[in-house]
Structures are given as structure tokens and as C-alpha cells.
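The lines below spell out each chain.
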Amino acid sequence: MNRKDLKYRGTNCINCETPLDISEKYCHHCGQLNSTKKLEIKDFIEEFFANFYAYDSRLRNSIISLFSKPGVLARRFNEGKRHTYANPFRLFLSVSIILFITYNLSERNNTESPEEIKVEEKLTDQQKQDLKKIDSLSNKIISKNQRTGFLIDSISKPEIEHNRDSIFNKQFIDENISSGGKPLIYTALSFRNFHRKYPEKSTEEALKELGYEANFVYTSFFNKSKLFKSNDIEGEVFDYFYQKLPFFIFLSLPILTLMFWLVFYSRKINYTEHLVFTYTYFTFVFICLMIFNLISLVSEGLASFLEGVSFAFVFPIYLYKSLRNFYQQSRWITVLKFLILNPLFFLLLSICTAIMMVIGIILF
């Protein structure tokens, strides 16, 4: 017996108690099935697969539309045809999470370690002696020039790698560690190591002993440094941002949407409708990247080739087609605005990166 049969229908909705007519299959107020029949295993399985198929069909329609009709999915969704397609925001977030899962799989699969080529072992004894003579003669000639000699000395001087388990004060770091981001790394290491050695001391006492002012910046930095689980700070920071990348990208797209809103400004299209277009476009890009990651499990070279072709030709052409179909402007106006979008994209991408970095540091 089917739960939708006439004999199981009631005169009141079981969920919201709205009065119903016996002819109504579903409640006109909350949408629940009008049935008083007790739930059986077959009913439960049938309902599960019915709901799954309903979403599966929307997902299928969305993917087919993304690949066959660029920009049409966003336009139809904004026109109100939302029961036919999956929600663009939810679809993008799901695809981005799956993308980074496939990226993880492709990275783990790439276990081939590069061969270490030791040139000296492949040379004959005579070649080694000739090579030493050439190096010696070159050094003598170059050392005659004082500036060049200083440059050679600075290049050949090995960089000192300090112990990451040690505690360094501000003066030592300022005088001895100056390359790249190492001062920041060793400051964080010193803060963490100091806290581990003297956990009873307050943040202000620790900063004072290490030679730092107890201002807001150093206090916050000290408290963040205490949260590291090991002295592999670079690895922990990378893992943290990598795990949050889908979330950060999801948050950054509203900022990137500003370029479409500015370039294609129209009173007929509000910001949210531009946002739907942005999410659908990047959903297509992410699905393609996900496919490339899966291909890389079989052939790394083919995956790299397809990525290069896509970024050089497919994605720009797809964006142009999407702009034409979504905004429905003339070909030459679309081409002109497409060219304007390029510098705006990199400008807003830089802003997004800076904002996401700040948010990431705050939430760490």
C-alpha cells in the first residue's frame, strides 16, 4: 500500500495542524505529505531515494547547463527557475570542498622523489682537475675587482641556520637574522619556546625579558605563537590556510563580484544577481580543475597540458560566452568590458588575498 493512497489521507496536517481537504495530497501550508499511514521500511527507503533523486536531477541539470550553455544557469536562476537547478552557493561550496579533496589525492599519489644527480661522481679525474683549475683562475680574476670580490664573498658565505628550539631576544634577532621572513619566524619560535620553558610567566613579563615592548601587536603575536603545536611553524601555517581555503574562497568571491557589478552596472540587475553569476562561473572552473586532478592520478603530463590550455584559452573564452549570455549585451561591448575586467580582477584578487590573510591570522 502506498502512503499517498486516498484512504490514508487526513483532514488535518500532522505537522502544522492546518485543515486539509481529503483530495489534497500535500499540505498547502507546509508542504508535508498528507498521510496518516505509519512509516514502514519500504516507505522510508522510497522517501529517501525520492529526495535524493530530486536533488540529483537539479544537480544534473546544473552541471549540463554549466558545460553546454555558459552563463545561462545564472540567468535562469535569477529569473526564478530555481526548482530546476541546484542552489549556486551550495553547489560552489560543495564543489570547492571536493576539489581540495581531489587535490590532496593527487599530491599523495605524486610520491616520486626526484633523482639526486651528483655531477662530480659522473666526472673523470682529469675533468675534475680541469674544473678546479678553471674555478681557481676565475676567482683570481674576479677578486681583483673589490666590489665583485665582496659580492662573491657574500654569495659563497653560508647562511647560518639557528637552532629552532632556542630562545632569542630581540637584539639577537635584529643583529643576526635578517633574510626574508626569518626574523618573524624566529620571533614566533622564541615566543613559543619561552612560554614552554617558563609557562608561569605572564605575557608582559616574557616580552620584557625578551626585549620587546608590551604593546598590542607584540602581545597578540606572543599569544598566537603559544598556540603552535610544534616548531614547524611554516608547516602549521600552510596546513591551516590550506584546510580553510574553500571557506576563504567562498568569502572572497563577493569581493570579486564587485568588478562585475562595476563594469556591467545596471539598475535591472542587483548585486546578488551578479553574485550568482560569479559563483556559477567559478563552479565551472573548479569542476574542471577537479577533473584535471583526477586525470593527474593517471597522467601528470596530460593533466598539466589540459590545465595550461584551459587557463590560456578555455576559461577566458568561457567567461566571454558567459558574459554574453548572462548580460545579453552586444558582442563588441562585451569584448570591451571583458578587457576592462582583466586589470580589475588582479587588483581585487590582491585585496582579497590581503583580507583573507588578516582574517586567517585573527581566527588562528
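The structure reproduced in this document is the subject of the present report. Computed from a prediction, not measured in an experiment: that's the story for all the values here.

### Things to note about the overall build of the protein
And then number 1: Regarding its fold elements, the protein presents 15 helices and zero strands.
And then number 2: A total of 364 residues make up the protein; the buried ones form 32% of that total.
And then number 3: For the protein, long-range pairs separated by at least 24 residues make up 59% of all intrachain contacts whose partners lie at least 6 apart in sequence.
And then number 4: Of the roughly 24,200 Å² that the protein leaves accessible, carbon and sulfur atoms contribute 61%.

### A short note on the packing of aromatic side chains
And then number 1: In the structure shown here, the tally under the stated rule is 23 aromatic pairs.
And then number 2: A ring pair is formed by Phe168 and Tyr186, whose centres lie 5.9 Å apart and whose planes are at 70 degrees; its orientation type is edge-to-face. Here Phe168, found in the loop between helix 6 (146-156) and helix 7 (170-176), pairs with Tyr186, found in helix 8 (residues 182-197); they are 18 residues apart in sequence, far enough to count as distant. Considered together, Phe168 and Tyr186 belong to a single accessibility category, that of buried residues.
And then number 3: Both rings, one in Phe284 and one in Phe315, keep their centres 6.2 Å apart while their planes meet at 85 degrees; by these two values the pair is edge-to-face. Here Phe284, found in helix 13 (residues 271-296), pairs with Phe315, found in helix 14 (residues 300-327); they are 31 residues apart in sequence, far enough to count as distant.
And then number 4: The buried category is assigned to Phe284, whose relative accessible area is 5%.

### Remarks on empty space enclosed by the protein
And then number 1: Overall, the coordinates contain one cavity of 30 Å³ or more when judged by the stated rule.
And then number 2: Its boundaries defined by the atoms lining it, the largest cavity holds a volume of some 50 Å³.
And then number 3: Around the largest cavity sit 13 residues that line it, and Leu66, Gly71, Thr280, Tyr318 and Ser322 are the ones nearest its centre.
And then number 4: Counting only elements with at least two residues in the lining of the largest cavity, the list comes to helix 1 (41-68), helix 2 (72-78), helix 13 and helix 14.
And then number 5: Partitioning the lining of the largest cavity into residue classes produces eight nonpolar, four polar and one charged.

### Considerations on the side chain of Thr219
And then number 1: Within the secondary structure, Thr219 is located in helix 10 (residues 216-225).
And then number 2: Apart from the residues within four sequence positions on either side, Thr219 is in contact with Thr203, Leu207 and Ala214.

### A look at helix 13
And then number 1: With 26 residues, helix 13 should cover 38 Å at 1.5 Å per step; its first-to-last C-alpha distance of 37 Å lies within 8% of that length.
And then number 2: Here helix 13 lies mainly inside the structure; 21 of its 26 residues are buried.
And then number 3: The backbone nitrogen of Thr272 lies 3.2 Å from a side-chain oxygen of the residue at the head of helix 13, namely Asn270.

### Quick notes on the layout of surface pockets
And then number 1: Estimates place the volume of the largest pocket at around 1,100 Å³.
And then number 2: Lining of the largest pocket is provided by 36 residues; of these, Phe282, Phe286, Phe311, Phe345 and Leu349 occupy positions nearest its centre.
And then number 3: Residue assignment for the lining of the largest pocket shows that the elements contributing at least two residues are helix 3 (88-109), helix 11 (233-243), helix 12 (245-263), helix 13, helix 14 and helix 15 (331-363).
And then number 4: Here the lining of the largest pocket gets 10 residues from one element, more than from any other, and that element is helix 15.

### Some points on the packing of helix 13 against helix 14
When two helices pack together, their arrangement is given by the angle between the helix axes and the distance between those axes.
And then number 1: Where helix 13 contacts helix 14, the axes come no closer than 10 Å and their chain directions differ by 160 degrees. Classified by the angle between their axes, helix 13 and helix 14 sit roughly antiparallel to one another. In the packing of helix 13 onto helix 14, the handedness of the crossing is right-handed.
And then number 2: Counted by class, the contact of helix 13 with helix 14 contains 18 nonpolar, five polar and three charged residues.

How each quantity is defined
- Residues numbered from 1 in each chain as written.
- Predicted model: local features only at pLDDT ≥ 70, side-chain atom pairs only at ≥ 80, totals over all residues.
- Heavy atoms only, no water.
- Helix = DSSP H or I, 4+ residues; strand = E, 2+ residues; numbered from the N terminus.
- Buried < 20%, exposed > 50% of the residue type's maximum accessible area, 1.4 Å probe, protein only.
- Contact = heavy atoms within 4.5 Å.
- Areas by Shrake-Rupley, 256 points an atom, 1.4 Å probe, with all protein chains shown as cover.
- Phe/Tyr/Trp six-rings, centres within 6.5 Å; stacked < 30°, edge-to-face > 60°.
- 1 Å grid on protein atoms, 1.4 Å probe; cavity = no way out; pocket = protein on both sides within 12 Å on 5 of 7 lines; lining within 4 Å.
- Points joined across faces, edges and corners; volume = space filled by probe spheres on them.
- Nonpolar A, V, L, I, M, F, W, Y, C, P; charged D, E, K, R; others polar.
- Expected span 1.5 Å × (residues − 1).
- Polar contact = N/O pair within 3.5 Å; in protein donor to acceptor, adjacent residues only side chain to side chain.
- Axes fitted to C-alpha atoms, helices over the stretch in contact; angles between N-to-C directions.
- Parallel < 35°, antiparallel > 145°, perpendicular 65-115°, else oblique.
- Left-handed = near helix turned anticlockwise from the far one by under 90°.

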